[in-house]
Amino acid sequence: MADTTDFRNGYTMQIDGELWQIIKFQHVKPGKGGAFVRTSLKNIRTGRVVDKTFRSGEKVQGARIERREHQFLYEDSLGMHFMNLENYEQFSLPSNQVEKREFLKEGGAIDILFHAETEEPLIAEIPKSVELLVTQSDPGIRGDTATGATKPAKLESGATINVPLFISEGDLVRVNTDNGDYITRVTG
């Protein structure tokens, strides 16, 4: 059993049979009354975010979550299929448990969170940035670069992002998966 002094961003606990992860927390010591901890919790299975307040020193049931690197193989009617890179074991997850899947290409690396006690796969998290090939993009207008103009480009994963005018089909670009923004063109 843990208590509120163990809270940190990313800490996972079990409340009423559900797994919740702390997104943010704040210790509050009012002038009158006992101290408390105000938290924002994210349900690992559903993604729902709730605010919850704990009394200072309140006991909580911690949960051990393990992060393991996997490779995305393919998607079909059963879901998205992954392979563990250490033991080559394969399994599938429903598509709704994979965050930002529009930036995931076949053969791409992804981290999957597992509940350590039950070995149940919980959620898949794509890296903060990925490198993808531009498969479709209109040619930029020559001389229109002083304004920082952008154009839409379709990537090999199926996602469409805005890129600078000098990017053309066949270029490899690095994309921020948090917001879908172009970072840079990858050379070599």
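To be clear, the structure that these remarks concern was listed above.
Residues numbered from 1 in each chain as written. Predicted model: local features only at pLDDT ≥ 70, side-chain atom pairs only at ≥ 80, totals over all residues. Heavy atoms only, no water.

Describing the overall build of the chain
In terms of helices and strands, the chain carries zero helices and 16 strands. A globule of 188 residues ought to have a C-alpha radius of gyration of about 16 Å, yet the chain, at 21 Å, is considerably larger. For the chain, the C-alpha atoms occupy an extent of roughly 65 × 45 × 30 Å along the three principal directions. Within the span of the chain, comprising 188 residues, buried residues form 36% of the whole. Sequence separation of at least 24 residues holds for 43% of the intrachain contacts in the chain that already meet a minimum separation of 6. Summed over its atoms, the accessible surface of the chain is roughly 11,200 Å², and 46% of this surface lies on carbon and sulfur atoms. When the 23 basic and 28 acidic side-chain charges of the chain are each reduced to a single mean position, those positions are 9 Å apart. (Helix = DSSP H or I, 4+ residues; strand = E, 2+ residues; numbered from the N terminus. Rg over C-alpha atoms; globule rule 2.2 N^0.38 Å. Buried < 20%, exposed > 50% of the residue type's maximum accessible area, 1.4 Å probe, protein only. Contact = heavy atoms within 4.5 Å. Areas by Shrake-Rupley, 256 points an atom, 1.4 Å probe, with all protein chains shown as cover. Lys, Arg positive; Asp, Glu negative; His and termini not counted. Charge placed at Lys NZ, Arg CZ, Asp CG, Glu CD.)

Side note on unusual backbone geometry
Most peptide bonds take the trans form, and the phi angle of most residues other than glycine is negative. Here the phi dihedral of Tyr 88 falls at roughly 60 degrees; this positive angle occurs in a residue that is not glycine. According to the relative accessible area criterion, Tyr 88 is exposed, its value standing at 58%. The residue Glu 119 is not glycine, and still its phi comes out positive at about 60 degrees. For Glu 119, a relative accessible area of 41% gives the class partly exposed.

Comments concerning the environment of Thr 4
Tracing the backbone shows Thr 4 in the loop between strand S1 (2–3) and strand S2 (12–15). For the pair formed by Thr 4 and Leu 122, sequence separation is 118 residues and the distance between their alpha carbons is 24 Å. Setting aside residues up to four positions removed in sequence, Thr 4 forms contacts with His 27, Val 37, Phe 54, Arg 55, Ser 56, Gly 57 and Glu 58. Within polar-contact distance, the side chain of Thr 4 engages the backbone nitrogen of Gly 57 at 2.7 Å. (Polar contact = N/O pair within 3.5 Å; in protein donor to acceptor, adjacent residues only side chain to side chain.)

Looking at the nonpolar core
Core analysis: the largest hydrophobic core is formed by 25 residues, its most contacted members being Phe 82, Phe 103 and Leu 104. Contributing elements (two or more residues each) for this core: strand S8 (79–84), strand S9 (90–93), strand S10 (109–115), strand S12 (129–137), strand S13 (150–155), strand S14 (160–164) and strand S15 (172–176). Every residue in contact with Leu 104, bar those within four places of it in the chain, is listed here: Phe 72, Met 80, Phe 82, Val 98, Ala 109, Ile 110, Ile 126 and Ser 157. By size, the runner-up hydrophobic cluster in this structure holds 11 residues, among which are Phe 7, Tyr 11, Trp 20 and Phe 54. (Core = buried A, V, L, I, M, F, W, Y, C linked by side-chain atoms within 4.5 Å.)

Notes on the pairing of S2
Where a strand is regular, its side chains alternate between the two sheet faces. For S2 and strand S3 (residues 18–28), the ladder comprises four bridges, and the chain directions are antiparallel. Counted as the bridge partner of Thr 12 is Gln 21 from S3. Of the strand pairs in this sheet, S2 and strand S6 (residues 59–62) are connected by two bridges, and their pairing is antiparallel. Residue pairing in the sheet places Gln 14 in a bridge with Gln 61 of S6. (Pairing = 2+ DSSP bridges.)

Digging into the sheet that holds strand S16 (residues 181–186)
With antiparallel pairing, five strands are arranged side by side in an open sheet as S14-S13-S12-S15-S16. Edge strands, defined here as strands with exactly one partner in the open sheet, are S14 and S16. Each strand of the sheet is rotated relative to its neighbour by a mean of 55 degrees, with strand direction disregarded. (Axes fitted to C-alpha atoms, helices over the stretch in contact; angles between N-to-C directions.)

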